Amino acid sequence: METISKDELASVKTVKMPRHVAIIMDGNGRWAKQKGKLRTFGHKAGVEAVRASVRFARTQHIESLTLFAFSSENWKRPQDEVSVLMELFKLVLTSEVKRLHKNGVRLRVIGDLSAFDAKLVSKIKDAEALTQHNTELQLNIAANYGGRWDIVMAAQGLAQQVVNGTMQVTDINEATFDQCTAFAHLPPLDLLIRTGGEQRISNFLLWQCAYAELYFTDTLWPDFNEDKFMEAVVDFSERQRRFGKISEQVI
Ligand code: FPP
């Protein structure tokens, strides 16, 4: 992957900022292994990259940042690793929420929370309540989230409304479906970044990726920082988004 030098970055006159960026934070395990450490060391180091990304999004006025912290498939990892991740989420929620609040960040955790222990759910609810009126940045942590789960939940929500008689089957369309997904209240997804070298979506934001730009980097998550985020945003900014139209129509 070609990297952008500081001079090149400085020469980019106007960077068109995405409104909503999502990141698949991949590569913690490999980063740790390269250093001869346990995989969980990589997850702990990944917290600093989370901080840097939130700082970048806030200072660059990105409206919404969604981070894929734990997929519905991650439960299949060794029990020790799952436990460390759960403890890390609790720790980060405890240590970071005050600072997020002070900086005007609204925190939401999106996913099926029923699988998490009561203490973690209570910390999540407290953090969401404390930050609910903040408007500087919408920070969404996808936890026990899966794109297919989101689609199934939306389908159930619509079916329930039809059963209740508040909606006709013919009222089901892309807009009403979209309104029933977990990200309905957020700006449309503009840019999906995946670190760690793999080029796949891994059941993340399937519905929301329809017109998102995809950006893959070999950088392992703990090495991701504000400069790397800027490189992704500059790359996004230089793309032409046609939404099905031809080039001449969108210039
Ligand atoms: C993927 O790397 C990373 C995760 C499953 C966990 C992400 C968690 C953090 C960055 C910690 C804190 C986050 C928050 C939001 C509090 P991997 O383990 O799949 O890496 P590998 O592909 O090298 O094995």
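Residues numbered from 1 in each chain as written. Predicted model: local features only at pLDDT ≥ 70, side-chain atom pairs only at ≥ 80, totals over all residues. Heavy atoms only, no water.

The next subject is helix 8 (residues 226–237). Its twelve residues give helix 8 an end-to-end C-alpha distance of 16 Å, which sits within 8% of 16 Å, the value for a rise of 1.5 Å per residue. Turning to helix 8, its buried residues are F229, M230, E231, A232, V233, V234, F236 and S237. N-cap assignment for helix 8: the residue whose side-chain oxygen lies 3.1 Å from the backbone N of D227 is N225. (Helix = DSSP H or I, 4+ residues; strand = E, 2+ residues; numbered from the N terminus. Expected span 1.5 Å × (residues − 1). Buried < 20%, exposed > 50% of the residue type's maximum accessible area, 1.4 Å probe, protein only. Polar contact = N/O pair within 3.5 Å; in protein donor to acceptor, adjacent residues only side chain to side chain.)

With that out of the way, let us pick up the nonpolar core. In this structure, V21, I23, L65, L139, I193 and F229 are the most contacted members of the largest nonpolar core, which totals 43 residues. Looking at this core, the element that brings in the most residues is helix 4 (residues 79–102), giving seven residues. If we skip the residues at most four places from it in the chain, L139 touches V54, L65, L67, L100, V105, R106, L107 and R108. In this structure, A22, I24, A142 and F204 belong to the second largest nonpolar core, which totals 14 residues. (Core = buried A, V, L, I, M, F, W, Y, C linked by side-chain atoms within 4.5 Å. Contact = heavy atoms within 4.5 Å.)

Looking now at the site of the ligand. What surrounds the ligand is a group of 19 residues, the closest being M25, D26, R30, R39 and R77. Between the ligand and G27 there is a distance of 3.2 Å, counted from an oxygen atom to a backbone nitrogen or oxygen. R39 is positioned with one of its side-chain polar atoms (N or O) 2.8 Å from an oxygen atom of the ligand. Alone, the ligand offers 630 Å² of accessible surface; in the complex the protein occludes 91% of this. When contributions to the shell around the ligand are tallied by element, the ones reaching two or more residues are helix 2 (28–34), helix 3 (39–59) and helix 4. (Near = heavy atom within 4 Å. Areas by Shrake-Rupley, 256 points an atom, 1.4 Å probe, with all protein chains shown as cover.)

Before going further, it helps to spend a moment on the side chain of N144. Examined against the element boundaries, N144 turns out to sit in strand 4 (residues 137–145). The exposure class assigned to N144 is buried, which follows from its relative accessible area of 6%. A distance of 2.8 Å separates a polar atom in the side chain of N144 from the backbone oxygen of D112. Setting aside its immediate chain neighbours within four residues, N144 contacts F70, S71, S72, W75, G111, D112, A115 and F116.

Moving on to the packing of aromatic side chains. Tallying each qualifying case throughout the model produces 13 aromatic pairs. With 4.4 Å between their ring centres and 25° between their planes, F56 and F229 make a pair best called stacked. You can see F56 sitting in helix 3 and its partner F229 sitting in helix 8, a full 173 residues away along the chain. Classification of F229 by relative accessible area gives buried; the value is 0%. Here the aromatic rings of F68 and F204 are separated by 4.0 Å at their centres, their planes lie at 10°, and the arrangement is stacked. (Phe/Tyr/Trp six-rings, centres within 6.5 Å; stacked < 30°, edge-to-face > 60°.)

On to the sheet that holds strand 5 (residues 191–194). Note on sheets: strands pair through backbone hydrogen bonds, and any given pair is parallel or antiparallel. Pairing is parallel in the open sheet, where six strands are placed in the order 3-4-2-1-5-6. Looking along the sheet, the strands with just one partner apiece sit at the ends: strand 3 (105–110) and strand 6 (213–216). Each adjacent strand pair in this sheet contributes to an overall mean axis angle of 20°, direction not counted. In this structure, strand 5 lies alongside strand 6, joined through four bridges in parallel fashion. Along strand 6, the bridge assignment pairs L192 with L214. (Pairing = 2+ DSSP bridges. Axes fitted to C-alpha atoms, helices over the stretch in contact; angles between N-to-C directions.)

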